[in-house]
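As a plain string of letters, each chain reads:
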Amino acid sequence: MTDAAQRPDPPELMCPSTPAANATVFLGMITPAGRVAYVTPALPAEVALAQAGADTPVESRYRLAGPCVTAKCGFWTGAHCGLGERVAASFREVAGPVEDDLPRCAIRRSCRWYAEQGRAACTACSHVVTDSR
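Q: For this particular structure, what's the right way to read the layout of surface pockets?
A: Empty space among the atoms becomes visible once a probe the size of a water molecule is rolled across them. In this model, the largest pocket occupies a volume close to 340 Å³. As for the largest pocket, its lining consists of 23 residues, and the residues nearest its centre are Cys15, Ser17, Pro19, Cys73 and Phe75. The residue inventory of the lining of the largest pocket, partitioned by class, reads 14 nonpolar, 6 polar and 3 charged.

Q: How should the sheet that holds strand E3 (residues 36-44) be read in this particular structure?
A: Strand order across the open sheet formed by 4 strands is E1-E4-E2-E3, with antiparallel pairing between neighbours. Edge positions in the sheet fall to strand E1 (14-15) and E3, since each of these pairs with one other strand and no more. Strand direction decides the pairing type here: strand E2 (residues 25-30) and strand E4 (residues 62-67), joined by 4 bridges, are antiparallel. For Phe26, the partnering residue across the bridge sits in E4 and is Leu64.

Q: Would you explain the environment of Ala65 in this entry?
A: Structurally, Ala65 can be placed in strand E4. When the C-alpha positions of Ala65 and Pro44 are compared, they lie 9.6 Å apart, and in sequence the two are 21 residues distant. With residues near it in sequence (within four places) discarded, Ala65 still touches Met14, Cys15, Pro16, Thr18, Asn22, Ala23, Thr24, Val25, Leu27 and Ile107.

Q: What is the right way to look at the packing of aromatic side chains in this model?
A: By convention here, two paired aromatic rings are described through the distance between centres and the angle between planes. Counted according to the given criterion, the structure contains 1 aromatic pair. Summarising the aromatic geometry, the rings of Phe26 and Tyr62 are spaced 5.5 Å apart at their centres and angled 90 degrees between planes, so their arrangement reads as edge-to-face. Of this pair, Phe26 sits in strand E2 while Tyr62 sits in strand E4, and the two are 36 residues apart along the sequence. Take Phe26: its relative accessible area is 7%, and that puts it in the buried class.

Q: Help me out: how do you make sense of helix H3 (residues 82-95) in this one?
A: Quick reminder: α-helices carry 3.6 residues per turn. Residues three or four places apart thus point the same way. Along its 14 residues, H3 runs 20 Å from first to last C-alpha, staying within 8% of the 20 Å computed at 1.5 Å per residue. Here H3 has its buried residues at Gly82, Leu83, Gly84, Val87, Ala88 and Phe91. Lining the buried residues of H3 we find helix H4 (112-117) and helix H5 (119-125).

Q: It is not clear to me how the nonpolar core should be interpreted in this structure. Could you clarify?
A: Ranked by internal contacts, the top residues of the largest apolar core, which has 21 residues, are Val25, Leu27, Ala65, Val87, Ile107 and Trp113. With residues near it in sequence (within four places) discarded, Leu27 still touches Pro16, Ala37, Tyr38, Val39, Arg63, Leu64, Ala65, Cys105 and Ile107. Formed by 8 residues, the second largest nonpolar core is a distinct cluster that contains Ala23, Phe26, Val58 and Tyr62.

About the thresholds
Residues numbered from 1 in each chain as written. Predicted model: local features only at pLDDT ≥ 70, side-chain atom pairs only at ≥ 80, totals over all residues. Heavy atoms only, no water. 1 Å grid on protein atoms, 1.4 Å probe; cavity = no way out; pocket = protein on both sides within 12 Å on 5 of 7 lines; lining within 4 Å. Points joined across faces, edges and corners; volume = space filled by probe spheres on them. Nonpolar A, V, L, I, M, F, W, Y, C, P; charged D, E, K, R; others polar. Pairing = 2+ DSSP bridges. Helix = DSSP H or I, 4+ residues; strand = E, 2+ residues; numbered from the N terminus. Contact = heavy atoms within 4.5 Å. Phe/Tyr/Trp six-rings, centres within 6.5 Å; stacked < 30°, edge-to-face > 60°. Buried < 20%, exposed > 50% of the residue type's maximum accessible area, 1.4 Å probe, protein only. Expected span 1.5 Å × (residues − 1). Core = buried A, V, L, I, M, F, W, Y, C linked by side-chain atoms within 4.5 Å.

This is the structure we're talking about:
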């Protein structure tokens, strides 16, 4: 058996800022300061969606993750996630060096932003609010 045959398949890459319609994981709640308070370990998205009222978009209160849909997403560049790239670049420009301690995130191992942009995307992620109005 070859090394490749022994290795497990890599995890499906997840979008850390998906609309509720595509969500499979509840990442956390949006705080009054506009930051994500992460929940670990991962919880199914249904936990948050069951609690959601209809007064405001779910995405403005909760951060949800789901499978990356690549070409079906408006942020897909053809080769990578353009949103993850912009989030990481903007954060580096405004905040400077990446923090040593990354937030505790339930999907880091399979996160597309982290896989493509590394620690900078991870540090910036807690400042992203997906508001699907």
